[in-house]
Amino acid sequence: MTTMQMSPLPPMSFRAVVQQPSALDLCVETPWVTADDLNERVLEVFSKHRDLTSLPVTEDDRPIGLISRSIFLSQMSKAYHKELYGRKSCIAFMDKDPLVVDAGMDIESLTFKAVEFGEKALADGFIITREGKLAGVGHGLQLMRIVADIQAARNRQVTHSIEYASVIQRSMLRTSSEALQNVLPDSDLVWEPRDIVGGDFYHFASQKGGWFGAVADCTGHGVPGAFMTLIASSSLGQAIEQLGADNPSQLLGQVNRGIKQMLGQINDQDATPGSDDGMDAAFFWFNTAERTLLFAGAKSILFVLHPGEEGVEMIDGDRKGVGYVDSDMDFNWTNRLVQLRAGSLVFVTTDGLIDQIGGPKAIAFGKRRIREVLLANRHQPSCTINQIMLDTFGEWQGQQQRRDDLTFFCFRVQES
Amino acid sequence: MENLYIAATPSSPEVNFDFAQHHLSVRGESYPENAAAFYGDIIKSLRDYLALCTDTSISMDIALAYFNSSSTKMLFNIFEALNDAQRAGNKITVNWYHDEEDDTMLEFGQELSDDFTDITFINHAV
């Protein structure tokens, strides 16, 4: 009986060689026996190596089986077995069909193979060979450890990548929130992507005579949603440069064409386009002198509270999304003129707030609860209203998972 | 035609299309990462089935607590297929189930029934 020697590492190189982990990384040197060895020899080896869970058996250096410590010892401890089998070949209690893998096998294939092979490959371990010759054994626990490490490293890599994407997405939004704070002191915006990056975005721009605002929810969330926000937002930016910011309907139309062209969403008879994505959005232009809000909505809704009035006015946009294969290239969203007064409160949200499941019956938050929060806190500053909305939403969500990205915007018309 | 059954997951609904009994149902929640991939085959087998139907009474039960915007698009595609089948001479009944306090689902059902007027649409508040 000898102990296997691992082949020496290649000479040091100035270039670090990053290798994919393989079965070799799990390979542990092991004692072994040959088919000519007797069971009493095996007993000796197991007694000497207390940690040895299994012992490979070779013939001309090639593995032919694996002796499991627990099976072997329980057999040998039976009455007279030591006397009967002690002087017989060790292949008597050997598993003739253990899992044997090449040292070069990658960890993923090895894992599938081990699981497919069943419990014994994980409990007793498996044999690792190099060019068919015994190199060592691998153990289930070590395999699990390396799989967990690989998984953690992959997750870390993906998360880091998305976290950096979030830096880019937030930078894109920052200029807008700064523009907003300059023109509207009593205003507040909540933007909470569900998964680090998200499909919601907003855009604000101050121009002569007023300011423009957009709150939009692109299809999807996470990475694909964030891609969509870049497309939609840059399309909106170009549209404002071309057309100015005081006609929300025209801007929705322009963004619709922009998305459809950029994603090749042309309803063709013979070819189905790949992308059927788009966005829901509220676009609005506030005329400072007139205190009017010109609103064009694509599947969105505006909540308005006028000072001295009891109820909440709800102004629906058109029920047509922007982009998407089935939206016409020249669809015309309606401009709705809302007369505001000093002190009027306006609230707009994406469906992440309205549709979130929660409460005792696990149903949607709904518009009614939004109205209740607005009415109960109508005299508070916008930022307090939004904070209370967020807290109420959080309580509603409770233990439920967040379903979607969340964006909402609140502002109050100033006394001049 | 073979029936279609897909078990529910936290983010995708149970789909049970019993084509033999002309009884179809979708229930649960729908926000799969790739809605087009999830619904693609479902809509295809629905369309294949409907193409074989003539003068048939077909019922579709829908009980969804939540669906995201890309699933909404897919629901529209399902309704379009049903509407086409009604026009081709079948009799389609949609049972729309929602919690009695869930205005969001109630409203969505109303929108669908406004858009697809050929289908018989029955609202069930439970």
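Quick caveat, the model's predicted, so the values are computed rather than measured.

Q: Explain the overall build of chain A residue by residue, including any values.
A: A count of helical and extended segments in chain A gives eleven helices and 19 strands. On C-alpha atoms alone, chain A measures out to a radius of gyration of 34 Å, which is more than a quarter above the 22 Å that the 2.2 N^0.38 rule sets for 416 residues. Taken along the three principal axes of its C-alpha coordinates, chain A extends 105 × 50 × 45 Å. Looking at chain A residue by residue over its 416 residues, the buried ones come to 37%. Contacts spanning at least 24 positions in sequence make up 69% of the contacts within chain A whose residues lie at least 6 apart.

Q: Can you lay out the interface of chain B and chain A for me, pointing to particular residues and giving the numbers?
A: With 15 residues of chain B in contact, the opposing surface of chain A contributes 20 residues. Secondary structure elements with two or more residues in the side of chain B that touches chain A: β4 (57–67), α2 (69–87) and α3 (103–115) of chain B. Here the side of chain B that touches chain A gets four residues from one element, more than from any other, and that element is α3 of chain B.

Q: Quick rundown of the domain arrangement of chain A? Include the residues and the values.
A: As assigned here, chain A comprises domain 1 (23–138) and domain 2 (167–412). Its C-alpha centre places domain 1 of chain A at a distance of 65 Å from the equivalent point of domain 2 of chain A.

Q: Can you tell me about the environment of His 139 of chain A, naming the residues and giving the values?
A: Residues and elements named next belong to chain A. For His 139, the location among the structural elements is in the loop between β6 (133–138) and α6 (140–183). C-beta crowding within 10 Å serves as the criterion here: with 18 such atoms nearby, His 139 is assigned to the partly exposed category. Separated by 85 residues in the primary sequence, His 139 and Ser 54 have C-alpha atoms spaced 9.7 Å apart.

Q: Before we move on, can you summarise the sheet that holds strand β12 (residues 301–305) of chain A with the specific residues and values?
A: All names here are of chain A. On the basis of which strands lie adjacent, the open sheet formed by five strands has the order β7-β19-β16-β12-β13 and antiparallel pairing. Edge strands, defined here as strands with exactly one partner in the open sheet, are β7 (187–192) and β13 (313–316). Each neighbouring strand pair of the sheet contributes to a mean axis angle of 15°, computed without reference to strand direction. As paired elements, β12 and β13 share four bridges and run antiparallel to each other. The partner of Leu 302 across the bridge, within β13, is Ile 315.

Q: Could you give me a rundown of helix α8 (residues 248–262) of chain A, with the residues and numbers involved?
A: Residues and elements named next belong to chain A. Its 15 residues give α8 an end-to-end C-alpha distance of 21 Å, which sits within 8% of 21 Å, the value for a rise of 1.5 Å per residue. Within the sequence span of α8, burial applies to Pro 248, Leu 251, Leu 252, Gly 253, Val 255, Asn 256, Ile 259 and Lys 260. Lining the buried residues of α8 we find α7 (222–243), β10 (278–287), β11 (292–298) and β14 (322–323). Following α8 by one or two positions, Gly 264 adopts a phi angle in the positive range, close to 60°.

Q: Quick one: what's the story with the nonpolar core, residue by residue and with numbers?
A: A general trend in soluble globular proteins is that nonpolar side chains are found buried together. All names here are of chain A. With 68 residues, the main nonpolar core has Ala 232, Leu 252, Ala 281 and Ala 282 as its most contacted residues. When residues in this core are grouped by element, the largest group, seven residues, is from β10. When residues no more than four places from it in sequence are discounted, the contact partners of Leu 252 are Ala 281, Phe 283, Ala 296, Ala 298, Val 322 and Trp 333. Ala 114, Ile 127, Leu 134 and Ala 135 belong to the second-largest nonpolar core, a separate cluster that totals 25 residues.

Cut-off values and rules
- Residues numbered from 1 in each chain as written.
- Chains lettered and ligands numbered in written order.
- Predicted model: local features only at pLDDT ≥ 70, side-chain atom pairs only at ≥ 80, totals over all residues.
- Helix = DSSP H or I, 4+ residues; strand = E, 2+ residues; numbered from the N terminus.
- Rg over C-alpha atoms; globule rule 2.2 N^0.38 Å.
- Buried ≥ 20, exposed ≤ 12 C-beta atoms within 10 Å, placed from the backbone.
- Contact = placed C-beta atoms within 7 Å.
- Domains from an automatic or database assignment.
- Pairing = 2+ DSSP bridges.
- Axes fitted to C-alpha atoms, helices over the stretch in contact; angles between N-to-C directions.
- Expected span 1.5 Å × (residues − 1).
- Core = buried A, V, L, I, M, F, W, Y, C linked by C-beta atoms within 7 Å.

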